[in-house]
Amino acid sequence: MARALDTLFKKLYGHFGPQHWWPARTPFEVMVGAILTQNTSWRNVEKAINNLREKRLLRPQRLLRMPEKKLASLIKPAGYYNIKTRRLKCFLEYLFSRYQGNPALMRGRDTALLRKELLCVNGIGKETADSILLYGLGKPVFVVDAYTKRILVRRGIIDADADYEKIQNLFMKNLKPNVQLFNEYHALLVKLGKDFCLKTKPKCAACFLRKKRRIVCVL
């Protein structure tokens with residue numbers, strides 16, 4: 001399995017090149033983006049992030065003090081803005097209660113304990129927590145999303161009923177715990193999912209991973 005995952009990574013990287021993900025200026029911006037990107041496209045998140053950046057609000061203390069109604073209006077492009085406003089506020093309360101509002105203080109915390117804490121914050125699930133850990137704090141945690149599962153199922157690597165932990169463990173047990181590798185691998189899988197391995201009408205025939213004699217995907 002380790003060899004298969006390594007081969008897949010090399011093919012993805014050779015075709016797409018580096019993805020330069022996560023596109024953010026600060027760790028805190030990554031954390032905000034990880035919450036805003038729930039159930040929406042990154043294009044919409046960028047609009048919300050830009051609204052906050054233009055107002056110079058991408059700072060923990062400023063967002064904490066901001067009235068929920070005003071914050072909701074600024075992140076409206078990301079969708080579910082009232083729900084996401086409450087989730088951001090819950091995360092900020094956690095950040096200030098445990099880490100003085102300073103993301104840098106989180107880095108020295110044990111990864112497993114940090115993940116447990118994040119999962120206790122209202123509105124933060126496994127994918128969001130792991131995105132914060134990997135992209136925001138540089139922790140070697142593999143992020144799993146719908147693209148990852150779809151691709152692995154269609155390539156026959158996992159069963160359709162595989163849960164988040166099983167998929168995550170597949171990568172973490174067969175790859176070196178390397179932040180840069182996990183970062184790039186996840187981003188490349190997202191790229192493949194968006195360009196070829198679509199949820200409906202996948203472009204298997206045009207996919208560079210397609211074998212010569214048969215299509216790899218199991219639809």
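These numbers come from a predicted model, not from an experiment.

(A) Looking closely at the state of the cysteines. Inspection of every chain in the model, using the stated rule, returns zero disulfides. With no disulfide of its own, C90 lies 12 Å from the sulfur of C120, the closest cysteine sulfur. The exposure class assigned to C120 is exposed, which follows from its relative accessible area of 68%.

(B) Structural context of the side chain of R115. Within the secondary structure, R115 is located in helix 7 (residues 111–119). A polar atom in the side chain of R115 sits 2.6 Å from the side chain of D130. If sequence neighbours within four positions are ignored, R115 has contacts with K126, D130, L133, Y164 and Q168.

(C) Expanded view of the packing of helix 8 (residues 126–136) against helix 10 (residues 164–174). Packing of helix 8 against helix 10 leaves a shortest axis separation of 12 Å and a crossing angle of 30°. Accordingly, the angle class assigned to the pair helix 8 and helix 10 is roughly parallel. The two elements helix 8 and helix 10 cross, and the hand of that crossing is right-handed. Counting all contacts with helix 8, which are made through K126, E127 and D130, the residues of helix 10 involved are Y164, E165 and Q168.

(D) Region of interest: the nonpolar core. Counting 65 residues, the largest nonpolar core has F91 and Y185 as its most contacted members. Looking at which element gives the most residues to this core, the answer is helix 2 (residues 27–36), with seven residues. The residues contacting F91, other than those within four sequence positions of it, are F28, M31, I35, L118, V121, I124 and I132.

(E) Local environment of the packing of aromatic side chains. The final tally for this structure, using the stated rule, is 15 aromatic pairs. Plain terms: the ring middles of W21 and W42 are 5.1 Å apart, the flat faces sit at 70° to each other, and that makes the pair edge-to-face. One end of the pair, W21, is in the loop between helix 1 (2–16) and helix 2; the other, W42, is in helix 3 (residues 42–54), with 21 residues separating them in the sequence. Residue classification places W21 among the partly exposed residues on the basis of a relative accessible area of 26%. The buried category is assigned to W42, whose relative accessible area is 13%.

(F) Representation of the pattern of salt bridges in the model. If you walk through the whole model with that rule in mind, you get seven salt bridges. Across the pair E29 and R53 runs a salt bridge whose closest N-O atoms are separated by 2.5 Å. In this pair, E29 sits in helix 2 while R53 sits in helix 3, placing the two residues 24 residues apart along the sequence. By relative accessible area, which is 6% here, E29 ends up buried. With a relative accessible area of 24%, R53 lands in the partly exposed category. For R98, the salt bridge goes to E117, with nearest N and O atoms at 3.6 Å. Highlighted residues: R98 in helix 6 (residues 81–99) and E117 in helix 7, separated in sequence by 19 residues. On the accessibility criterion, R98 (52% relative accessible area) is exposed. Among the charged side chains, a salt-bridge network with shared partners connects R98, R109 and E117.

(G) Geometry of the environment of Q61. Tracing the backbone through its elements, the reader meets Q61 in helix 4 (residues 60–65). Relative accessible area serves as the criterion here: at 44%, Q61 is assigned to the partly exposed category.

(H) Looking closely at the side chain of E117. Residue class for E117 comes out buried when judged on its relative accessible area of 10%. In this structure the side chain of E117 is engaged in a polar contact, spanning 2.8 Å, whose partner is the side chain of Y94. Among the polar contacts made by the side chain of E117, one reaches the side chain of R109 at a distance of 2.9 Å. For E117, the residues in contact, after removing those within four places along its chain, are Y94, R98, Y99 and R109.

(I) Focus on the environment of K11. Locating K11 in the fold gives a position in helix 1. Separated by 144 residues in the primary sequence, K11 and R155 place their C-alpha atoms 14 Å from one another. If near-sequence neighbours (up to four positions away) are discounted, K11 is found in contact with F208 and L209.

About the criteria used
- Positions within a chain are numbered from 1, following the residues in the order the chain's sequence is written.
- Where totals are concerned, whole chains, interfaces and linings use all residues; where local detail is concerned, this predicted model gives features only for residues with pLDDT of at least 70, and gives and counts side-chain atom pairs only at 80 or more.
- The side-chain quantities take in all heavy atoms of the structure and omit both hydrogens and water.
- When the sulfur atoms of two cysteines come within 2.5 Å, that pair is taken as a disulfide.
- Remark: exposure states derive from per-residue accessible area (1.4 Å probe, protein chains only) relative to the maximum for the residue type, with buried under 20%, exposed over 50%, and partly exposed in between.
- A run of H or I in DSSP counts as a helix once it spans at least four residues, and a run of E counts as a strand once it spans at least two, with each numbered from the N terminus.
- In protein, a polar contact requires one atom able to donate a hydrogen and another able to accept it; more generally it is a pair of N or O atoms within 3.5 Å, and residues adjacent in sequence count only if both atoms are side-chain atoms.
- Here a residue-residue contact requires only that any non-hydrogen atoms of the pair lie within 4.5 Å.
- Axis definition: a line fitted to C-alpha atoms, over the contacting stretch in the case of helices. Angles run 0 to 180 degrees between N-to-C directions.
- Roughly parallel means an angle under 35 degrees; roughly antiparallel means over 145; roughly perpendicular covers 65 to 115; every other angle is labelled oblique.
- Each crossing gets its hand from how the near helix is turned against the far one by less than a right angle, where anticlockwise is left-handed and clockwise is right-handed.
- As used in this record, nonpolar core signifies buried Ala, Val, Leu, Ile, Met, Phe, Trp, Tyr and Cys residues forming a set joined through side-chain atoms within 4.5 Å.
- Aromatic pairing here means that ring centres of Phe, Tyr or Trp (its six-membered ring) are within 6.5 Å. Orientation follows from the plane angle: under 30 degrees is stacked, over 60 is edge-to-face, and everything else is tilted.
- Here, a salt bridge means any Lys or Arg side-chain nitrogen found within 4 Å of an Asp or Glu carboxyl oxygen.

In short, the description is geometric, and any link to function would need to be established separately.
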